[in-house]
Amino acid sequence: MTEPLNAAPVAANAPGLPEKQRRLIELDDAIAKIRTQIATADLTRQTQGKPIDPVWFNRARTAQRHLYRERAELLADGSGWHRRNKVKDALIDILRARHDPEIWTELLAEARARSEAEDL
């Protein structure tokens, strides 16, 4: 197996695809590539009697575990993120509609000041 294990997968080029989904597709491609490499090495071992290089096999399995881990973190991390943003957007629309532009400008200024203060 001379092909590098960490070769960059082809990015999903669908227009408008969110970054998280694009990364999940890339991770799935990379995982499938490693699985194929392992399966090929195993077939070679079975048919030709050549042993699998244990160092390469360990690196392949480790890379696969890291990719699975990143995939799981992406899926777990964003479980409620999209929904929370939708709620925030709806709340902003409601508050904007209920307040005149002058009060709305004051509310935005206060929110920005709080946000900047929290970043310190």
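If you're wondering where the values come from, they're calculated on a predicted model, not measured in any experiment.

(A) Representation of the overall build of the protein. The number of helices and strands found in the protein is four helices and zero strands. Listing the helices and strands of the protein from first to last along the sequence gives α-α-α-α. Within the span of the protein, comprising 120 residues, buried residues form 16% of the whole. Of the contacts made within the protein by residues no fewer than 6 positions apart, 58% connect residues no fewer than 24 positions apart. Element-wise, carbon and sulfur atoms account for 56% of the exposed surface of the protein, whose accessible area totals about 9600 Å².

(B) The pattern of salt bridges, seen in detail. Summed over the entire model, instances satisfying the criterion amount to seven salt bridges. The partner of Arg114 in a salt bridge is Glu110, and the shortest N-O contact between them spans 3.1 Å. Placement of the pair is Arg114 and Glu110 together in helix 4 (residues 101–119), with a separation of four residues, close to one helical turn. Note on Arg114: relative accessible area 55%, which makes it exposed. With a relative accessible area of 41%, Glu110 lands in the partly exposed category.

(C) Fine view of the nonpolar core. With nine residues, the main nonpolar core is built from Leu27, Ala30, Ile31, Ile34, Ile38, Ala41, Trp56, Ala60 and Leu67. Those residues within four positions of Leu67 in sequence are excluded, and the remaining contacts are Leu27, Ala30, Ile31 and Ile34.

(D) The arrangement of the confidence of the model for the protein in detail. With 80% of its residues at a pLDDT of 70 or more, the protein has an overall mean of 83. Ignoring residues within four places in sequence, the model shows residues 7–11, a span with pLDDT below 50, making seven contacts including any to other chains.

(E) Representation of the environment of Arg61 within the structure. Locating Arg61 in the fold gives a position in helix 2 (residues 54–77). The class for Arg61 is partly exposed, based on a relative accessible area of 37%. For the pair Arg61 and Ile31, spaced 30 residues apart in sequence, the C-alpha separation works out to 9.9 Å.

(F) Summary view of helix 1 (residues 19–48). For helix 1, built from 30 residues, the straight-helix expectation of 44 Å at 1.5 Å per residue is met to within 8% by its first-to-last C-alpha distance of 43 Å. Gly49 sits one or two positions beyond helix 1 and adopts a positive phi of about 75 degrees.

So, how was this worked out
- All residue numbers refer to positions counted from 1 along the written sequence of the respective chain.
- Owing to the predicted nature of the model, reporting of local features is limited to residues with pLDDT of at least 70; listing and counting of side-chain atom pairs is limited to 80 or more, with chain, interface and lining totals taken over all residues.
- To get the side-chain values, take all heavy atoms of the structure and skip hydrogens and water.
- Elements are defined by DSSP. Helices are runs of H or I of four residues or more, strands are runs of E of two residues or more, and each kind is numbered from the N terminus.
- Here's how the labels work: a residue is buried when its accessible area is under 20% of the maximum for its type, exposed when over 50%, partly exposed in between, all with a 1.4 Å probe on protein chains only.
- Note on contacts: a residue pair is in contact if any heavy atoms of the two residues lie within 4.5 Å.
- Residue exposure ignores everything except the shown protein chains as possible cover, and the areas themselves are Shrake-Rupley values with a 1.4 Å probe.
- Between Lys or Arg on one side and Asp or Glu on the other, a salt bridge is scored when a side-chain nitrogen of the former is within 4 Å of a carboxyl oxygen of the latter.
- Throughout this description, the term nonpolar core refers to a set of buried Ala, Val, Leu, Ile, Met, Phe, Trp, Tyr and Cys residues connected via side-chain atoms within 4.5 Å.
- Along the chain, pLDDT gives the predictor's confidence residue by residue, from 0 to 100.
- The span expected for a helix works out to 1.5 Å for each residue beyond the first.

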